Amino acid sequence: MTDIGESVLPAAPLAPGRERMAWRPVVLIATAVAVVHLAVATRYGWHRDEFYYVICGRHPAWGYADQPPLAPLLARLAAALPGGVLPLRVLAVAAQVGCVLLAPMLAAEFGGRRRAQTITAAAIAACPAFVAASLLFGTTVVDQLVWVALLVLVARALRLRTTGSWLAAGVTAGVGLENKDTLAVLLLGIVVGLALLRREALRTAGPWLAGVMTLALAAPNVVWDAAHGWPNLRMARVLAAGQGGPLGSLEHLPVIGVLLAGPPLITLWVLGVRWLASPAGRAHRWVLAVAVVAVVVFTASGGKAYYPAPVLAALFAAGAVRVESTGWVRDRATGRHSWARRIGVSALAALLMGLPVLPVSAADAVRALNPTVIETYGWPGFVEQVRKAAATLPPGTPIFTSNYGEAGALTILGPAQGLRQPVFSAQNTYALWGPPPGRPDVALCVGEFGPAQLHRSWAEVTEVAPIQMHGVHDEETDHHAAIYVCRQPRGTWAQLWPTLVHFD
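Parameters at a glance
- Residues numbered from 1 in each chain as written.
- Predicted model: local features only at pLDDT ≥ 70, side-chain atom pairs only at ≥ 80, totals over all residues.
- Heavy atoms only, no water.
- Helix = DSSP H or I, 4+ residues; strand = E, 2+ residues; numbered from the N terminus.
- Expected span 1.5 Å × (residues − 1).
- Buried < 20%, exposed > 50% of the residue type's maximum accessible area, 1.4 Å probe, protein only.
- Phe/Tyr/Trp six-rings, centres within 6.5 Å; stacked < 30°, edge-to-face > 60°.
- Lys NZ or Arg CZ within 6 Å of the ring centre and 35° of its normal.

Engineer: Looking at this structure, how should I read helix α15 (residues 286–300)?
Structural biologist: Residue pairs spaced three or four apart in an α-helix point in one direction, given the helix's 3.6 residues per turn. For α15, spanning 15 residues, the distance from its first C-alpha to its last is 21 Å, which sits close to the expected 21 Å at 1.5 Å a residue. Residues W286, V287, L288, A289, V290, A291, V293, A294, F298 and T299 constitute the buried set of α15. A positive phi of about 75° marks G302, the residue just after α15.

Take a look at the structure:
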């Protein structure tokens, strides 16, 4: 008799060691994820990073100061479609749905059947790290998809032992490196895991050919980075310093296992670690080496807490296999489905903290837990404030912003609101594009500037008004951003540019 929720699709022939995919419950969970995310996808608006990706994509290159080219290219293509920010959010939701579909495939590679696959899919759907990343389109949500896909492909290659299966992993890794450099840590973890625990795989040509394919696909970005003085390494050092270096990352390490995983799901990834360390998980223990390498390397390098979060997918899958194999699906005391309850609580918390489901005032009140949500609100109002200030100045007066988010908002939203002035910035990749021509005799400076900072470039600096983001608190209000009219420059744009450039 078929279990409730078991796939009714015909079973495909499987190589030994992999269970049949239970697509019905997995697809149902993925569909629910898509519906919920799309229902609130545009409830607030653009995020500053999305503006930046689109603007970078409009300047085609093999790299940018803070990311490789894939996400900007996709953002540019999506932004060219009607619907404003919606096409970008569809891409983000698609990546999240991809993780929900792929992670159970990893559980199947581990030997997990229907229950293990269902728990794995539900855990990804309820995990704050995955839910919050899918709020906006960018490198993070794509990186999560690549991590999960690569873990599945490596597990598959180890099972099939064919060159073709390894080449699929190599292509995925190469494309992933054109999205985010942090994927290199996953690749390092895989190499360490294979060298220590699956050495027989390295005696075949497959992994080596996969490595060559990865390097070939990643090479254009590496060449670009070298030709521009390694700005990605400079950005990495700046970001690490902002985290407080290794000690700061070590301090935030509990965030990975508790808040990003979801407190109700801690037991699941702990069970995953135990299963991988046990004799039952011996063939897949290389995944545990990946997790250890990711945490150690990102902590030692001062990386952000969410960098190693995608490896939770593998630990959830392993934990689900352990739950299924031990029969711990129901609460032993009450007989109720404890895992359904745990996942439900985690999903609710993840939605409230990671997506724009709360009223704006409530989202602003809890921004300390996740400031990203509230930073998708208020940009049209910001553009209107700048437009009104610009209307008092001669036509064509340049607007100079303190960061890429402000510049992107004015560039993308400005024309529809009647803003026609040219917009510039000197942060990150904007700095690499160089100064505008001529001399800024009159400039409208907008953002997180202080009068003393602006006085280094202009003799006359007049504050027009502070930036107001409709009563919410974000980076601009926290740093007392304002609008300034600046006159009597102390040189041309080219002469002032070195003092204006900043990478952060």
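Anyway, onward from the coordinates.
Engineer: Can you help me understand the packing of aromatic side chains in this one?
Structural biologist: To describe a pair of aromatic rings, you give the distance between the ring centres and the angle between the ring planes. Evaluated as defined, the whole model comprises 15 aromatic pairs. Measuring from centroid to centroid gives 5.4 Å for W379 and F382, while their planes differ by 85°, and the two rings are edge-to-face. On the criterion of helical spacing, the pair formed by W379 and F382 is a turn pair, its members being three residues apart in helix α19 (residues 379–390). Across the pair, F382 and W379 agree in class, each one buried. Considering the side-chain rings of W458 and W493, the 6.1 Å spacing of their centres and the 80° angle between planes classify their relative orientation as edge-to-face. With a gap of 35 residues between them, W458 in strand β4 (residues 458–466) and W493 in helix α24 (residues 493–500) connect regions that are remote in the sequence. With a relative accessible area of 0%, W458 lands in the buried category. Looking at W493, the relative accessible area reads 2%, which means it is buried. Over the aromatic face of F503 sits the side chain of R234, whose NZ or CZ is 4.0 Å from the ring centroid. In this structure, R342 is placed above the aromatic ring of W339, and the distance from its NZ or CZ to the ring centre is 4.8 Å.

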